[in-house]
Amino acid sequence: MPHPVHVIWDWNGTLLDDTDLCIDVMNGLLQERSLPPLTRERYHEVFDFPVIEYYRRLGFDFDRDPFPIVGAEFIRRYELRRHEGRLHRETVTTLEFVDQHGLRQSVLSAYKHETLEELLAHFGLRHFFAGVLGSDNVYAHGKVEQGRRWIAQLGHDPQSVVLIGDTVHDFEVAEAMRCRCLLAAQGYHLRAKLERCGVPVVDNLAGVRRWIAAQV
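Okay, so let's go over this structure. (Residues numbered from 1 in each chain as written. Predicted model: local features only at pLDDT ≥ 70, side-chain atom pairs only at ≥ 80, totals over all residues. Heavy atoms only, no water.)

Notes on the nonpolar core
We apply this condition: For our purposes a nonpolar core is just a set of buried Ala, Val, Leu, Ile, Met, Phe, Trp, Tyr and Cys residues, chained together by side-chain atoms within 4.5 Å. Three labels apply to residues, based on accessible area from a 1.4 Å probe with only protein chains included: buried if under 20% of the type maximum, exposed if over 50%, partly exposed otherwise in between. Comment: elements are numbered from the N terminus, with helices defined as DSSP H or I runs of at least four residues and strands as E runs of at least two. Should any heavy atoms of two residues lie within 4.5 Å, those residues are considered in contact.
Grouped together as the largest cluster of nonpolar side chains are 52 residues, with contacts concentrated most on Trp-9, Trp-11, Met-26, Tyr-55 and Phe-129. At seven residues, helix H1 (residues 19-32) tops the list of elements feeding residues into this core. Not counting chain neighbours up to four residues away, the residues in contact with Phe-129 comprise Trp-9, Leu-15, Leu-95, Gln-105, Ser-106, Val-107 and Leu-120. Listed in part, the 21 residues of the second largest apolar core include Ile-151, Ala-185, Leu-194 and Cys-197.

Overview of the sheet that holds strand E6 (residues 161-165)
Put simply, the rule reads: Being paired, for any two strands, means DSSP has found at least two bridges between them. Note on geometry: axes are C-alpha line fits, over the in-contact stretch for helices, and angles between N-to-C directions span 0 to 180 degrees.
In space, the six strands of this open sheet follow the order E5-E4-E1-E6-E7-E8, with parallel pairing throughout. One side of each edge strand has no neighbouring strand; the edge strands of this open sheet are strand E5 (131-135) and strand E8 (201-202). In this sheet, E8 lies alongside strand E7 (residues 180-184) in parallel orientation, the contact comprising two bridges. If you follow Leu-183 over to E8, its bridge partner there is Val-201. Packed on one face of the sheet, helix H5 (residues 91-100) meets strand E1 (6-9) and strand E4 (104-112) and runs near 160° to E1. Along the sheet, helix H8 (residues 168-177) contacts E1, E4, E6 and E7; its crossing angle with E7, the most-contacted strand, is approximately 170°.

Side note on the pattern of salt bridges
For side chains of opposite charge, pairing can occur when their charged atoms come near one another. Rules: Only one rule defines a salt bridge in this text: a Lys or Arg side-chain nitrogen within 4 Å of an Asp or Glu carboxyl oxygen.
Summed over the entire model, instances satisfying the criterion amount to 20 salt bridges. One salt bridge in this structure joins Glu-79 and Arg-82, with 3.8 Å as the shortest N-O distance. Take Glu-79: its relative accessible area is 16%, and that puts it in the buried class. In this structure Arg-82 comes out as partly exposed when scored by relative accessible area, which is 21%. Glu-90 serves as the salt-bridge partner of Arg-209, at 2.5 Å between the closest nitrogen and oxygen. On the criterion of sequence distance, the pair formed by Arg-209 in helix H10 (residues 205-215) and Glu-90 in the loop between strand E3 (86-87) and H5 is long-range, its members being 119 residues apart. For Arg-209, a relative accessible area of 17% translates into the label buried. Here Glu-90 falls in the buried class, since its relative accessible area comes to 17%. One network of salt bridges, with partners in common, ties together Glu-32, Arg-33, Arg-64, Asp-65, Glu-73, Arg-76 and Arg-77.

Things to note about the pairing of E5
Stated formally: For a crossover, the right-handed case is the one in which the path from the first strand over the helix to the second runs clockwise, viewed with the strands pointing away from the viewer.
Counting buried residues along E5, five of its five residues qualify, which places the element largely inside the surrounding structure. Examined bridge by bridge, E4 and E5 share four bridges and lie parallel to one another. If you follow Leu-108 over to E5, its bridge partner there is Leu-133. This β-α-β element, E4 to helix H6 (residues 113-122) to E5, shows right-handed connectivity.

Describing the packing of aromatic side chains
Geometrically, a pair of aromatic rings is defined through the distance of the ring centres and the angle of the planes. Which entries qualify depends on this criterion: Paired rings are identified among Phe, Tyr and Trp, the last through its six-membered ring, by centres lying within 6.5 Å, and are further divided according to the angle between planes into stacked (under 30 degrees), edge-to-face (over 60) and tilted (the rest).
A complete count under the given rule lists 14 aromatic pairs for this structure. Aromatic pair Tyr-43 and Tyr-188: ring centres 5.7 Å apart, planes at 90°, arrangement edge-to-face. Highlighted residues: Tyr-43 in helix H2 (residues 40-46) and Tyr-188 in the loop between E7 and helix H9 (191-195), separated in sequence by 145 residues. There is no split in this pair, since Tyr-43 and Tyr-188 are both buried.

The structure is reproduced here in structure tokens:
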């Protein structure tokens, strides 16, 4: 297997620690509808892509609250508080580590592209990335399509590209791109769920660094 030459990062949950923010924003919507609140444990259990299924599991009645409307309301409230999210403790250290080992980096996210660019600049991370690929809508569609286009544009053997994420969907995206995948169990999905994908799983970004060091 070729040595990695490019790392593609997921953003929310992988580099950005916003799980508690997502839970708090969603709980505001749930409380207004007298629906059971999310705990961190329940969030890890029910969150998934496509996000419409996540909303359905939470009990939203799409006859009363059409998904495009309630989904947009979640995004609106999240956006107002987006700077409350914090980088994972070792995000900067890990990006520097990857850079120092000669691997190029990019971000592939279901997050809206313009806001993703703003947040990368806000956190002082933009210079790490050769490419930033975000969604063109608020409903987290199109990550697979974006990824396929990006892998073709990079022109590398897909097996020399590693996608690092925190959800089963990141594994599915990597599969569609035919690239390698490493999952970090510090975001939206817990280790037990990630391990079912059959790819390497680490606990955190320190584990990511150890894995990369063993590959290059």
